[in-house]
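Examining the three-dimensional arrangement
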Amino acid sequence: MLHTLSMGELARRLAAREISSVELTRHFLARIERLNPSLNAVITLTADQALEAAREADRRLAGGERGRLLGIPLIHKDIFCTDGVRTSCGSRMLDNFISPYDATIVGKLKAAGAVMLGKSNMDEFAMGSSNETSYYGPVKNPWDTTKVPGGSSGGSAAASAARLAPFTTGTDTGGSIRQPAALTGVTGVKPTYGRVSRYGMIAFASSLDQAGVLARSAEDAAAVLEVMAGFDPKDSTSVDAPVPDYPAMLDAPLKGLKIGLLREFFDGLESRNAALIRDALKVYTSMGAETVEVSLPHLPLSVPTYYVVAPAECSSNLSRFDGVRFGYRCEQPKDLLDLYERSRGEGFGAEVKRRIMTGTYVLSAGYFDAYYLKAQKARRLITDDFRAAFEKVDLVVGPTTPTPAFAIGAKIDDPVTMYLNDIYTIGANLAGLPGISAPCGFVDGLPVGMQLIGPHFSEARLLSAAHHFQQATDWHLKSPDGYS
Amino acid sequence: MSLTRQDVEKIARLARLSITDAEMPVYVTSLSSIVDFVDELSRVQTDDVEPMAHPLEGQRQRLRADLVTATDHHEKYQANAPRVQAGLYVVPRVIE
């Protein structure tokens, strides 16, 4: 069936004109219509534009053009500005916002001929680990619809797992691609900071945010990343470095690869999750990799460090939502202060307000040194630990999350418990490192993800390592019942 | 080191966020628990550590020539504005 094929196979059939992009697009639109109501993964459907884009892709294919993404459907996380299409960021604040421009990555994927089917649900302003904070309601995990899919890219992860599109885009600030990928059994890639443009990607924490991809396999993700990555003069933190041909490098030999086993990752990890990670590591050693124990002694500081830095940056970034130029405005403001306070008070949900206030507090006079400056120093200690580890190993492998998917409603009332879901993913964001989560098994019928983290700009090696694992195992090919 | 209601009211005012009386106790509790959680950082020795604002070393703010490259799209961009008049954003009176 079309939705079980790899992107490489879809591209081959499109190039051979065995199928058309219009047929492929109709197939996925029909799946969304049938399956999305039980998931709430897609919040804006762009069927007419999708068919128009598919017709254009078919014209390009008929003219002899070829490309890995030409005619391939996708769903964009609703954090990416899409010209003429609502971009809500999962918030009441932007429920009425029709973006007047495309984000850089949206434009790049469009130019490559990928077909946007719609926008996916997400935790509000990317703040959350369960996709329960969205103004549009929670997303359900297709493996068990009483469970969360993870967040903040929960809609994209659920859509990828349910095969509503061959790939979806996401963003990762503290784990928001990798964690939902792990909880839904898909492959999620967070690139190095600066690898992919942030222009047109609604900002949460500017020194942490990165755009990336969720797909069925590292092979599929490699094809997408190759198009998304690259220097953008419109993003002042974009890095001017050439983009490797990631798909061409997937088969680089694994033998001799030094994999770091992070002591701090395994301390306190639930035993069945830990067993799956250890099994995954045995697959790697059987393929010729070596494992080396490494320690990142400051890693346990990463969650408190993040929950100072990210809220601080978000309090600054979200100050643009003031009811004046765009977005939600309260009714009958009595004066300017009331306009600001009620537009923001009513337009933002509870978690967003909590984080803005945490950020405001840690940046305020009298507290800046104790919190924000302190966190920036802790950030350097964590980053230096990773740098030292990468002198001994090529990459680090460990769990992505402490547990499989938890029940909707189970953690939403206690912010700190929710924050601890990010314990394994946050370090990579603080240090700007690339990370991948790939499926490596199941516990009680729920997917478990393995995380690979590498030095800056080591995406090719990480994708190749994940790819080798996926050639030796078939966890990534499993599909949830009812969505097969 | 918990936060008081007055602390939260002051923070909310700085952040330009209206919090209703009903919501206030929940925010006081949750913000206090977050602040207690991040207080763990105070126990780390960081005297000789340089603060890190940016994940990549050696990045500099790129500059460009001071030339006009943007074109006027104000009508398109203001299509999302709550109230616009003569190309200006309308808000409640600011100056008495």
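In this report, the structure presented in the accompanying data block is examined. In this convention, every chain numbers its residues from 1, walking through the sequence in written order. Chains and ligands are labelled by the order in which they are written, letters from A for the one and numbers from 1 for the other. In view of the model being predicted, local features appear only for residues whose pLDDT reaches at least 70, and side-chain atom pairs are presented and counted only at 80 or more, with totals across whole chains, interfaces and linings using the full set of residues.

**Section: the overall build of chain B**
- Secondary structure counts use DSSP, requiring at least four H or I residues in a row for a helix and at least two E residues in a row for a strand, with both numbered from the N terminus. Of the regular secondary structure elements, chain B holds three helices and two strands.
- Along chain B, helices and strands appear, N-terminal first, in the series α-α-α-β-β.
- Computation of the radius of gyration draws on C-alpha atoms alone. For the globule rule, the value is 2.2 Å times the number of residues to the power 0.38. For 96 residues, the compact-globule formula gives about 12 Å, and the C-alpha radius of gyration of chain B, at 22 Å, lies well above that figure.
- Taken along its principal axes, the extent of the C-alpha atoms in chain B is 55 × 45 × 25 Å.
- Every one of the 96 residues in chain B was classed for burial, and the buried ones make up 17%. Backbone-placed C-beta atoms define the burial measure: a residue is buried with 20 or more other C-beta atoms within 10 Å of its own, exposed with 12 or fewer, and partly exposed in between.

**Concerning the interface of chain A and chain B**
- In this complex, chain A contributes 54 residues to the contact, which on the side of chain B involves 42 residues.
- At the level of elements, helix H10 (302–317), helix H11 (336–347), helix H12 (350–363), helix H13 (369–389) and helix H14 (415–419) of chain A are the ones that each hand at least two residues to the side of chain A that touches chain B.
- Here the side of chain A that touches chain B gets twelve residues from one element, more than from any other, and that element is H13 of chain A.
- For the side of chain A that touches chain B, a count of residues per class yields 26 nonpolar, 15 polar and 13 charged. Contact between two residues is assigned whenever their backbone-derived C-beta positions fall within 7 Å. By the convention adopted, Pro, Cys, Tyr, Trp, Phe, Met, Ile, Leu, Val and Ala count as nonpolar, Lys, Arg, Asp and Glu as charged, and the other residues, Gly among them, as polar.

**Comments concerning the packing of H10 of chain A against H12 of chain A**
Residue and element names in this part refer to chain A.
- What counts as an axis is a line fitted to C-alpha atoms, over the stretch in contact for a helix, and the angles between N-to-C directions run from 0 to 180 degrees. H12 packs onto H10 with a crossing angle of 100° between their chain directions and a minimal axis gap of 7 Å. Classified by the angle between their axes, H10 and H12 sit roughly perpendicular to one another. Along its contact with H10, which presents Val308, Pro311, Ala312, Cys314 and Ser315, the element H12 presents Arg355, Ile356, Thr358, Gly359, Thr360, Val362 and Leu363.
- The residue inventory of the contact of H10 with H12, partitioned by class, reads seven nonpolar, four polar and one charged. Any angle between 65 and 115 degrees counts as roughly perpendicular, while under 35 counts as roughly parallel, over 145 as roughly antiparallel, and the rest as oblique.

**Here's the deal with the packing of H10 of chain A against helix H2 (residues 24–38) of chain B**
- Packing of H10 of chain A against H2 of chain B leaves a shortest axis separation of 9 Å and a crossing angle of 125°. Put simply, H10 of chain A runs oblique to H2 of chain B. Crossing geometry of H10 of chain A relative to H2 of chain B is assigned as left-handed. Taking contact as the criterion, the partners of Pro304, Tyr307 and Val308 of chain A in H10 of chain A are, on H2 of chain B, Ile34, Phe37 and Val38 of chain B. Crossing handedness follows the turn of the near helix against the far one: under a right angle anticlockwise gives a left-handed crossing, and clockwise gives a right-handed one.

**Points about the nonpolar core**
- Put simply, a nonpolar core is a cluster of buried Ala, Val, Leu, Ile, Met, Phe, Trp, Tyr and Cys residues tied together by C-beta atoms within 7 Å. Core analysis: the largest hydrophobic core is formed by 160 residues, its most contacted members being Leu74, Val115, Leu117, Val224, Met228 and Leu463 of chain A.
- In this view, valine 224 of chain A contacts Leu69, Phe167, Val213 and Ala215 of chain A; residues no more than four positions away in its chain are not counted.

**A few points about the sheet that holds strand E10 (residues 435–443) of chain A**
Residues and elements named next belong to chain A.
- Strand pairing is assigned whenever DSSP detects at least two bridges linking the two strands. An order of E1-E3-E2-E4-E6-E5-E10-E11-E9-E7-E8 is seen for the eleven strands of this open sheet, with the pairing classed as mixed. Either end of the sheet is taken by a strand with one partner, and the two such strands are strand E1 (42–45) and strand E8 (290–294). Each strand axis lies, on average, 30° off the axis of its neighbour in the sheet, ignoring direction.
- When strand E9 (residues 395–399) meets strand E11 (residues 446–453), the two strands line up antiparallel, connected through four bridges. Bridge pairing in E11 links valine 397 to leucine 452.
- The sheet contacts of helix H9 (residues 271–286) involve strand E7 (258–262), E8, E9, E10 and E11, and relative to E10 the element is tilted by about 115°.

**Here we look at the pairing of E9 of chain A**
Residue and element names in this part refer to chain A.
- Of all the five residues making up E9, five are buried; the element is thus mostly covered by neighbouring parts of the structure.
- Taken together, the three bridges between E7 and E9 define a ladder with parallel strand orientation. Counted as the bridge partner of isoleucine 259 is leucine 395 from E9.

**A short note on unusual backbone geometry**
All names here are of chain A.
- With omega at 10°, the peptide bond leading from glycine 151 into serine 152 counts as cis.
- Along the chain, the position of serine 152 falls in the loop between strand E3 (115–120) and helix H5 (154–161).
- Despite not being glycine, glutamine 332 has its phi angle at roughly 45°, a positive value.
- Glutamine 332 sits in the exposed class, given 9 other C-beta atoms within 10 Å.
- Unlike most non-glycine residues, aspartate 444 shows phi in positive territory, near 55°.
- If you trace the backbone, aspartate 444 turns up in the loop between E10 and E11.

**Quick word on the environment of leucine 254 of chain A**
Residues and elements named next belong to chain A.
- Here leucine 254 is to be found in the loop between helix H7 (218–228) and E7.
- Sequence separation between leucine 254 and glutamate 52 is 202 residues; the distance between their C-alpha atoms is 43 Å.
- In contact with leucine 254, not counting residues within four places along its chain, are Met287, Gly288, Ala289, Ala465 and His468.

**Some thoughts on the environment of glutamate 124 of chain A**
- With respect to the element layout, glutamate 124 of chain A can be found in the loop between E3 and H5.
- Once you skip the residues sitting within four places of it in the chain, glutamate 124 of chain A turns out to touch Cys89, Gly90, Ser91, Thr133, Ser134, Tyr135, Gly349, Glu351 and Val352 of chain A.

**Considering H10 of chain A**
- Expected span, for any helix, means 1.5 Å times one less than how many residues it has. Between the first and last C-alpha of H10 of chain A there are 22 Å, a value that for 16 residues agrees with the 22 Å anticipated at 1.5 Å per step.
- When you tally the buried positions in H10 of chain A, you get 14 out of 16 residues, the bulk of the element.

**Describing the pairing of E10 of chain A**
All names here are of chain A.
- Counting buried positions along E10 yields seven of nine residues, so the element is predominantly enclosed.
- Of the pairings in the sheet, the one linking E10 to E11 comprises eight bridges and is antiparallel in character. Note that in E11 the partner of glycine 435 across the bridge is isoleucine 453.
- Counted between consecutive antiparallel strands, the loop separating E10 from E11 contains two residues, among which aspartate 444 sits at a positive phi close to 55°.

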